[in-house]
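# Coordinate inspection notes
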Amino acid sequence: MFIRSYHQNFSLDHYPELISTSSLALELIRSHQINHNHVILTDEQTGGRGRLGKDWVSPIGNLYFSLVLKPKKLVTEISELSFLTAVAMGLALVEFSLGDKKINHKWPNDILIDGKKVAGILLEKDADFVVLGVGVNINSHPKNTNYPACNLEEQGFKIVDKIDLLKKFLNNF
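It should be emphasised that the depicted structure is a prediction, and the values quoted were computed from it without experimental measurement. As a convention, each chain's residues are numbered from 1 in the sequence order in which they are written. It should be noted that, the model being predicted, local features are given only for residues of pLDDT at least 70 and side-chain atom pairs only at 80 or more, the latter also being counted only at that level, while totals for whole chains, interfaces and linings use all residues. Values shown for side chains rest on all heavy atoms present in the structure; no hydrogens or waters enter the calculation.

## Quick notes on the overall build of the protein
Helix and strand definitions here come from DSSP, where helices need a minimum of 4 consecutive H or I residues and strands a minimum of 2 consecutive E residues; each element is numbered from the N-terminal end. A tally of regular secondary structure across the protein gives 3 helices and 8 strands. When the elements of the protein are put in sequence order from the N terminus, they spell out β-β-α-β-β-α-β-β-β-β-α. Taking 173 residues into account, the globule formula puts the C-alpha radius of gyration at 16 Å, and the protein, at 15 Å, falls close to it. With 173 residues in all, the protein has 49% of them scored as buried. In this analysis, two residues are considered to be in contact whenever any of their non-hydrogen atoms come within 4.5 Å of each other. In the protein, once contacts between residues fewer than 6 apart in sequence are set aside, the share between residues at least 24 apart is 65%. Atoms counted for the radius of gyration: C-alpha only. Globule rule: 2.2 Å times residue count to the power 0.38. Exposure categories follow from relative accessible area, calculated using a 1.4 Å probe and restricted to protein chains: below 20% of the type maximum is buried, above 50% is exposed, and the middle band is partly exposed.

## Comments concerning the side chain of Thr85
The residue Thr85 is located in helix 2 (residues 80-94) in this model. A relative accessible area of 1% places Thr85 in the buried class. Dropping the residues within four chain positions of it, Thr85 is found in contact with Ile121, Leu132, Val134, Phe169 and Phe173.

## Examining the packing of aromatic side chains
By convention here, two paired aromatic rings are described through the distance between centres and the angle between planes. Any Phe, Tyr or Trp ring, taking Trp's six-membered ring, that has another such ring centre within 6.5 Å forms a pair; planes under 30 degrees apart are called stacked, those over 60 apart edge-to-face, and the others tilted. With the rule as written, the count across this model stands at 3 aromatic pairs. Between Phe2 and Tyr15 the ring centres are 5.0 Å apart and the planes differ by 40°, which places this aromatic pair in the tilted class. Here the residue Phe2 occupies a position in the segment before strand 1 (3-7), and Tyr15 occupies one in strand 2 (residues 10-15), the gap between them amounting to 13 residues. Owing to a relative accessible area of 11%, Tyr15 belongs among the buried residues under this scheme. Where Phe65 meets Phe169, the ring centres are 5.3 Å apart and the plane angle is 55°; that geometry is what we call tilted. Of this pair, Phe65 sits in strand 4 (residues 63-69) while Phe169 sits in helix 3 (residues 162-172), placing them 104 residues apart in sequence. With a relative accessible area of 0%, Phe169 lands in the buried category. Following the ring pairs from residue to residue traces out a cluster consisting of Phe65, Phe169 and Phe173. Counted as over-ring charges are cases with an Arg CZ or a Lys NZ within 6 Å of the ring centre that also lie within 35 degrees of the ring normal. A cation over a ring is seen here: Lys106 above Tyr147, with NZ or CZ 5.0 Å from the ring centre.

## Considerations on the pattern of salt bridges
In the sections that follow, a salt bridge refers to a side-chain nitrogen of Lys or Arg positioned within 4 Å of a carboxyl oxygen of Asp or Glu. Under the criterion given, the structure shown has 7 salt bridges. Here Asp126 ties to Arg30 by a salt bridge, and the two come within 2.7 Å at their closest N and O atoms. One end of the pair, Asp126, is in strand 7 (residues 116-126); the other, Arg30, is in helix 1 (residues 21-30), with 96 residues separating them in the sequence. Owing to a relative accessible area of 16%, Asp126 belongs among the buried residues under this scheme. Of the charged contacts in the structure, one is a salt bridge between Glu95 and Lys168, with a shortest N-O distance of 3.2 Å. Of the two residues, Glu95 is situated in the loop between helix 2 and strand 5 (103-106) and Lys168 in helix 3; the sequence distance between them amounts to 73 residues. Residue Lys168 is classed as partly exposed on the basis of its relative accessible area of 26%.

## Let's talk about the pairing of strand 7
The element strand 7 is extensively covered by neighbouring structure, given that 8 of its 11 residues are classed as buried. In short, DSSP must find at least two bridges between two strands for them to pair. Bridge count for strand 6 (residues 110-113) against strand 7 is 4 bridges, and the pairing is antiparallel. Residue pairing for strand 7: Ile111 is matched across the bridge by Ala119. Once strand 6 ends, the chain turns through 2 residues before running back antiparallel as strand 7, passing Asp114 with a positive phi of about 50°. Bridging between strand 7 and strand 8 (residues 129-136) involves 8 bridges; their strand directions are antiparallel. Within the sheet, the bridge partner assigned to Ile121 lies in strand 8 and is Val134. The turn joining strand 7 and strand 8, which pair antiparallel and follow one another in sequence, is formed by 2 residues; a positive phi near 55° is taken by Ala127.

Fair warning: the whole summary comes from geometry, so function is off the table for now.
What follows is the structure in structure tokens.
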């Protein structure tokens, strides 16, 4: 069961829990039930994943979504979408910043605040579609990671509503 809403030219399907937003997006692409500019959003993922098959810890309270695109670009240019996604999310985060926090982008798929990972991006391709999976640590983050992690709340960002953050990202994208 999900709730569908719209923002600009994007359809947003909000689920309470999923194994993975990207896995569902890919399944819906293969069964021809989803199209360009469709967002799959969930409150919690039980099997979220990152690059290179790594697990993406996904407790309630953070932002997890996948954006389905059917780009008109060449396959060789698709990887640029990862950086475009990072820049669009970085600009959205600036709107919630209360201080002089330094937001950086680490190629190919991370967003950092003061050198700590606050968000990750997973880009997957299927047929003519690209799925951009994004996770943003709003009020919690994994411990004991290979790369230092953080969340927006501990970094002094004003309280972030995940839907507002998603909409600001979509505006920038």
